[in-house]
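Residue-level structural notes
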Amino acid sequence: MTQEKCKWINDYDASFKVFHELMSHRIREILLVLNPYDAFIMEEDASLSSRIINEYRGLNLSHPPRLTRVSTVQEALSIAKIRKFDLVLTPPQVDDMDCCSVGRELKKIDPKLPVVLLVPQYSSYQQLQENINPSEIDRFFVWSADPDLLMAIIKNLEDHLNVNSDTEIAMVRVLLLVEDSPLYKSYFLPRIYKEVVQQTQAVLDESLNEEHRLLKMRARPKILVAENYEEAMQLYHKYLPYVFGVISDTRFPKNGVMNDSAGLHLLSHIRKEIPDLPMLLLSSDESNHEKAEQIPAVFLNKNELDLTESLHDFFLRYLGFGDFVFRMPDGAEITRANNLHEFEISLEKIPDMSLLYHAEHNHFSNWVIARSEIGLASRLHKCQLLNTKDPEKMRKTIAKQVHNLRKWRQQGVVSRFKRDDFDAETNDFVKIGQGSMGGKALGLAFMASQLSKSEELHEKYPDITISIPQTLVITTDGFDSFVEHNNLQDPEDEISDKEIAGIFLRAEMPEWIVMELSAYLKQVDSPLSVRSSSLLEDALYKPYAGLFQTCMIPNNHAEFPIRLYQLIRAVKLIFASAYFAGPRAFSSSVGQTSHRNSMAVIIQRLAGRQYGDYYYTAISGVAQSYNYYPIDSMKPEEGIAHIALGFGKTVVEGEKSLAFSPRHPANLPHFSTVDDILENAQRSFYALKTSGYPDDLNLLESSNLIRRYVEDAETEPPISTMCSTYLPEEHSIRDSYASGVKILTFASILKYKSFPLADILSDLLDIGHRGMGCPIEIEFCVEPGKNKGEFHFLQIRPMAAGSERYEVLISQDEIDRAFCYSTQALGHGKSENISDIIYVKPDTFDPAKTAAIARDIGHMNATLNKHKRPYLLIGPGRWGSADHWLGIPVQWQDISCVKAIIELRTKKLSADASQGTHFFQNITSRGIHYITVTEDVETTTDILNWQWLNNLPVVAETDFIRHVRLKKPFTLKVNGTESTCV
């Protein structure tokens, strides 16, 4: 990642941290000192409390203030002594005491307490004016039972309290209002606040999510009120860098004397210093219109009937709210942009004269700052842009700045998908619907936020893009809508997965989902992965890993309706998999009473590259922060990774892959000798066929995923750069691409570190572990690249390790009495409720018959499950492997009642440990003890007493397996710390 990109990330992340610090001083407690009549009128006529609360809610303003009413001065003084108030509002007279006396007495209790006078009639104020002491009454307003005025008073007081810190922290803009008349001040201030708040909300419609919209509202412009020339100049000079507009009356005091031209003098002075600052002159005298034009400033006659509309127009046209109107220097309109996306597109089309005109008048910066994009506004300020007179260079600079902001502000944030405003180049993580995103998508969203905040990670790997592929999530209300729309019911247990898929594929997709997917697909034409994200998938301790469907589609058909049809079919199939036998059996085993598990769907751009007719990723893999099988100097907490060429189906389904510890990448126990390498190296991989496929993809059968062999693709870049060469005549392997047999060793990555995969995995496992607070497992893929590498984060889920809550001791006496002892055991705890054992008979075992063995186990499991009897399962090779030559390919419905599993390693069938597979992850999450027993090796200390097993009473038997039962349960003890079991 370049230094510039790091800066954008920091700016983006810092900007939202800044918003949390804004508006730190709030008006929360207001004391109303009102006689009974005024209180009655205020509540009855204005419904003050409820309207204030509704006003706050309607404008998305948090923390509406609490109003406390008292009817006598004595009550006011008594309660002010025991409670802290932020503001006092009082009429001219309460009891027999005038407002100044009320203010004086209250300020004796709290000298900093603001006291505001609400005068019911303007004439009343004129009579009081000569006798009012500013030290006793802070502000005066004319009250007309309008709650908008009360809210304006509150917000204005807050603005004056927060302006110093907020301008310094976040360059918050300042709008200066100069008005001495309480009548017009009471009229204009509520309307100005209404405009500022509503227009700020309007231009934030494209913001990322509700949290960020509310945060950005804190950065709305501050409105500062001055009542005379000197006060106005003081505020102007103090906040000069942040002033973005001035609204001024024409007649107000200057040098202590009422001056008919004070406003003209003020605006003329400011215009000389800031030629392009938006300014509005207010006057009841139409003759001042011409004088305003000479400044120049916009003029507004206070006697206009549509005064509010004229004020609204000033905000839209001059203060940067509303559309950006691209104009020629003569004012002729060219086009409009409603948001930054449209702004970026329009920027490419406007003439040079228009571009220079807006840059010179600082229109770009003013418009952007209204959207609270503070950093971008400073970059688009005219003093930055006018350094170059080349229009094309300026155009590219502005477009790049806007595009970078739009892209980087999306990092780590899930935004709502909008058909009319979706941009595939910048919207990296979006969702359709308002339901849950499901466990898998929430895990991705969590890691997206972690990656966006990890400045050190990006600085450590400046030449590597570490990211999550562009993601669209259909939330669970899409699934619920589909099920309800088609009146789909929970299936009968006897119905097959294929029949369920057929029902769902024939069902009709709700129109609103079709429209959203169509809009998405019009901008995305790369291959797609369509994955499940159920409510329980990847949930802590119940991850449902790999039980649902995943579809990969080429998404490159010449006809758009076919592409859309294939995507919708893939989504339907993901929906259908919520009802498949595997998830239903797993739900039952973990105590989930309902068969159906509401389903969200993840649609991701498929990471990888095109090679001829095939599309695949260079490296895919699974990494775990806890290693259940540490050897040599490895430690369990250092983790383990499994990688393979091509798509991750190779790893997660237990086929041949390369295992290594990210902390010890050069220590490869399964690649210790040449013979080991030849035996264990990956020979085939999975790729997506992207040409010559039928329109009606058979998505239920892995869609277009094709098994290819390494030797058939050895000239393709991923293989040629990661292969070593076997020289038969020397019986040696050279870490180079030369003439000879190509062996996939990943030496360039692990040994020579052409790509820092091990280091990145170590860092990400640490980040994920800290974030989730438990051991985790991640899925990923890698494109090393010649110049800039890519690391794509695909999934995160918790592991069950680290749950050792009590000590389990295994004595030598227990080892001596055990029918089984293992030094490689997974889990921790003690069980005394198993008396059934199903084991594969060693004398009839045939690796070619493992599929038939799996079916036999499934039948016996069904019987035991009916009677709720847990059992121990024993057999050779890797359990749950998709490669039937490596082990017995049972699925979850085949072993749903199993309590413990023994994996036998023998000379006849020896496979690597099952870590990294979805099957293995579900074992750990359910707390099933997984015990590895090594036989036929002289150095082993493992024990399995076959004679004892064969002498147990037989309950059922087939050609390949035997079910035996003890009269009383045996004791099972696993020490997870020492990885031992009896």
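1. Side note on the overall build of the chain
Per the secondary structure count, the chain includes 35 helices and 45 strands. Going through the 982 residues of the chain one by one, you find that 59% of them count as buried. Carbon and sulfur atoms make up 49% of the accessible area of the chain, which amounts to about 41200 Å² in all.

2. Comments concerning the pattern of salt bridges
Taken as a whole and judged by the stated rule, the model has 34 salt bridges. In this structure, the salt-bridge partner of K222 is D166, at a minimum N-O distance of 3.0 Å. Placement of K222 in strand β9 (residues 222-226) and of D166 in helix α7 (residues 147-170) is noted, with a sequence separation of 56 residues between them. Across the pair, D166 and K222 agree in class, each one buried. Across the pair D260 and R251 runs a salt bridge, and its minimum N-O distance is 2.7 Å.

3. A look at the packing of aromatic side chains
If you walk through the whole model with that rule in mind, you get 22 aromatic pairs. Between F314 and F315, the aromatic rings sit 6.4 Å apart at their centres with planes inclined by 90 degrees, giving edge-to-face as the arrangement. Residue classification places F314 among the buried positions, given a relative accessible area of 2%. A centroid spacing of 5.6 Å and a plane angle of 80 degrees characterise the contact between F324 and W367, whose relative ring orientation is edge-to-face. Here F324 is found in strand β15 (residues 324-327), whereas its partner W367 is found in helix α16 (residues 363-369), with 43 residues between them in sequence. Neither F324 nor W367 differs from the other in exposure class; each is buried. Three or more aromatic residues joined by ring pairs make a cluster, and in this case those are F324, F326, F343, F364 and W367. The ring of Y187 carries R191 above its face, with NZ or CZ at 3.9 Å from the centroid.

4. Looking at the state of the cysteines
The final tally for this structure, using the stated rule, is zero disulfides. Its sulfur unpaired, C981 is 5.6 Å from the next cysteine sulfur, which belongs to C820.

5. Digging into the packing of helix α24 (residues 511-521) against helix α25 (residues 560-576)
The geometry of α24 relative to α25 is characterised by a closest axis approach of 10 Å and an angle of 125 degrees between their N-to-C directions. One element, α24, and the other, α25, form an angle in the oblique class. Both α24 and α25 take part in a crossing whose hand is right-handed. On α25, the residues touching V514, L517, S518 and L521 of α24 are F560, R563, L564, L567, I568 and V571. Each residue belonging to the contact of α24 with α25 can be placed in one class, and the counts come to eight nonpolar, one polar and one charged.

Analysis parameters
- Residues numbered from 1 in each chain as written.
- Predicted model: local features only at pLDDT ≥ 70, side-chain atom pairs only at ≥ 80, totals over all residues.
- Heavy atoms only, no water.
- Helix = DSSP H or I, 4+ residues; strand = E, 2+ residues; numbered from the N terminus.
- Buried < 20%, exposed > 50% of the residue type's maximum accessible area, 1.4 Å probe, protein only.
- Areas by Shrake-Rupley, 256 points an atom, 1.4 Å probe, with all protein chains shown as cover.
- Salt bridge = Lys/Arg side-chain N within 4 Å of Asp/Glu carboxyl O.
- Phe/Tyr/Trp six-rings, centres within 6.5 Å; stacked < 30°, edge-to-face > 60°.
- Lys NZ or Arg CZ within 6 Å of the ring centre and 35° of its normal.
- Disulfide = S-S within 2.5 Å.
- Axes fitted to C-alpha atoms, helices over the stretch in contact; angles between N-to-C directions.
- Parallel < 35°, antiparallel > 145°, perpendicular 65-115°, else oblique.
- Left-handed = near helix turned anticlockwise from the far one by under 90°.
- Contact = heavy atoms within 4.5 Å.
- Nonpolar A, V, L, I, M, F, W, Y, C, P; charged D, E, K, R; others polar.

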